[in-house]
Each structure stands twice: as structure tokens, then as C-alpha cells.
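# Structural characterization, general
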Amino acid sequence: MSRKELWSGRFREAIDPLFREYSSSPEDAKLLKYDVAGSIAHVRMLGTTGIIGKKEAAAIEDELRNIYISNAEKPEQLLEGEEDIHLAVERMLISKLGDAAARLHPA
């Protein structure tokens, strides 16, 4: 079963192969640290404001840290078959925590 690409619902034509290559390149993988840091800040806000529960927020934050620690040396390994580092982190988070992780991006 193939995954639906993030951009697939926004355009009538397929993504240009050069764009696809760029967004899943080792250069994009260098953004892992920043993607995880931004997601941690976001989940803290969600937990503090009560948009999601504090325990859920803590579990998401812990797993984000684990994802970073496990992949910091070779972040490009996350990109295999993924569009970009953000989607790779999100999918890994959901695979570990299930529906709870999907609450990181409630909008």
C-alpha cells in the first residue's frame, strides 16, 4: 500500500522530480534538530493551554526527544521513502504513539 504524498491534495499534477529530490535530500535531513525543537515547543504550548492533556503532551515530547537522539548521527536515514524531514518525524511519532501523536498538529 503506497502512502499519499503530503502535496498530493494541493496540485493536479505530480510534483516535479527535482523538487522531490531536493525535499528528501540529505540537506533537508540537517533540519532534524530544528524540526524536533519546534515540535517540542508546540506540544508544550498545547499541553499548557489544555488543548491536549499534560500526560499526552509529555509523552509526545519524550518520543520527539527519542527520535532526535536515535537519529541525530544520521538524520538522512529518516528520509528513506519520505518527502521531507518534518513528515518523516511526524510519521515516526505516530508509529510509536498512535492517535496521541496525531494531536501534535490539531489544526
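Residues numbered from 1 in each chain as written. Predicted model: local features only at pLDDT ≥ 70, side-chain atom pairs only at ≥ 80, totals over all residues. Heavy atoms only, no water.

### Looking at the overall build of the chain
From N to C terminus, the chain includes six helices and zero strands. Along the chain direction, N to C, the helices and strands of the chain fall in the order α-α-α-α-α-α. Burial statistics for the chain: of 107 residues in total, 32% are counted as buried. About 7400 Å² of surface is accessible on the chain, with carbon and sulfur atoms providing 55% of the total. (Helix = DSSP H or I, 4+ residues; strand = E, 2+ residues; numbered from the N terminus. Buried < 20%, exposed > 50% of the residue type's maximum accessible area, 1.4 Å probe, protein only. Areas by Shrake-Rupley, 256 points an atom, 1.4 Å probe, with all protein chains shown as cover.)

### A short note on the side chain of D35
Mapped onto the fold, D35 is located in helix 3 (residues 32-49). Not counting chain neighbours up to four residues away, the residues in contact with D35 comprise I85, H86 and V89. (Contact = heavy atoms within 4.5 Å.)

### Quick word on the packing of helix 4 (residues 54-71) against helix 5 (residues 85-97)
The relative placement of two packed helices is expressed as an angle between their axes plus a distance between the axes. For the pair helix 4 and helix 5, the least separation of the axes is 10 Å and the interaxial angle reads 120°. It follows from the interaxial angle that helix 4 and helix 5 lie oblique. In this structure, the crossing between helix 4 and helix 5 has a hand that is right-handed. Where helix 4 abuts helix 5, its residues A59, I60, E63, L64, I67 and N71 lie against V89, M92, L93, K96 and L97. Here the contact of helix 4 with helix 5 is built from residues that sort into eight nonpolar, one polar and two charged. (Axes fitted to C-alpha atoms, helices over the stretch in contact; angles between N-to-C directions. Parallel < 35°, antiparallel > 145°, perpendicular 65-115°, else oblique. Left-handed = near helix turned anticlockwise from the far one by under 90°. Nonpolar A, V, L, I, M, F, W, Y, C, P; charged D, E, K, R; others polar.)

### A word on helix 5
If you check helix 5, its first and last C-alpha atoms are 18 Å apart, about what 13 residues at 1.5 Å a residue would give, namely 18 Å. When helix 5 is considered as a whole, its buried residues turn out to be I85, L87, A88, V89 and L93. At its buried positions, helix 5 is contacted by helix 2 (26-29), helix 3, helix 4 and helix 6 (99-102). Two or three places before H86, at the opening of helix 5, D84 has a side-chain oxygen 3.2 Å from that residue's backbone nitrogen. Positioned one or two residues after helix 5, G98 has a phi angle of 70°, which is positive. (Expected span 1.5 Å × (residues − 1). Polar contact = N/O pair within 3.5 Å; in protein donor to acceptor, adjacent residues only side chain to side chain.)

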